[in-house]
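Each chain is listed here by its residues.
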Amino acid sequence: MKKNKTKYPFLKPLRNIYILILVVFVVWMIFVDSNSWFIHNELNNEISDLEAEKEYYRKNKEKDDKEFKKLSSKQGLEKFAREEYYMKRENEEIFIIEYEDSLKTKDNE
């Protein structure tokens with residue numbers, strides 16, 4: 001009796017045509033196809049990044065809406081003009097007091 005031993009036993013499953021077709025199909029879908037797993041993974045990462053960016057802009061929009069509401073009133077607009085642009089009313093003097101630790105220097109910029 002002869003024993004039918006092959007030189008490469010790990011290739012034995014590839015003799016089955018169905019397994020061979022399945023392996024070729026899986027390799028095709030993962031690496032070669034235009035809808036491959038790598039492309040889907042890349043697109044999913046891009047979607048996640050865009051959703052994070054969308055949330056960032058939504059939060060900034062809410063902050064800007066609050067600032068806009070403050071500037072919509074006359075008192076808020078006057079306060080902004082006085083603080084940011086040092087505007088003043090007639091017959092009014094403004095004194096700007098700066099402390100040493102609030103001045104911009106090369107060390108603390």
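This text follows the structure it describes.
This write-up is about the structure you can find in this document.

Analysis parameters
Residues numbered from 1 in each chain as written. Predicted model: local features only at pLDDT ≥ 70, side-chain atom pairs only at ≥ 80, totals over all residues. Heavy atoms only, no water. Helix = DSSP H or I, 4+ residues; strand = E, 2+ residues; numbered from the N terminus. Buried < 20%, exposed > 50% of the residue type's maximum accessible area, 1.4 Å probe, protein only. Areas by Shrake-Rupley, 256 points an atom, 1.4 Å probe, with all protein chains shown as cover. Salt bridge = Lys/Arg side-chain N within 4 Å of Asp/Glu carboxyl O.

**A word on the overall build of the chain**
Point 1. The secondary structure content of the chain amounts to 3 helices and 0 strands.
Point 2. Going from the N terminus to the C terminus, the chain shows its helices and strands as α-α-α.
Point 3. Taken over 109 residues, the chain has a buried fraction of 4%.
Point 4. Split by element, the accessible area of the chain, about 11,500 Å² in all, is 58% carbon and sulfur.

**A word on the pattern of salt bridges**
Point 1. The final tally for this structure, using the stated rule, is 6 salt bridges.
Point 2. When the shortest N-O distance is used, the salt bridge between Arg58 and Glu55 registers 3.2 Å. One end of the pair, Arg58, and the other, Glu55, are both in helix α2 (residues 37-72), 3 residues apart, so they sit about a helical turn from each other.
Point 3. Here Glu67 ties to Lys70 by a salt bridge, and the two come within 3.9 Å at their closest N and O atoms. With Glu67 and Lys70 both in helix α2 and 3 residues apart, this pair spans about one turn of that helix.
Point 4. One network of salt bridges, with partners in common, ties together Glu78, Arg82, Arg89 and Glu92.

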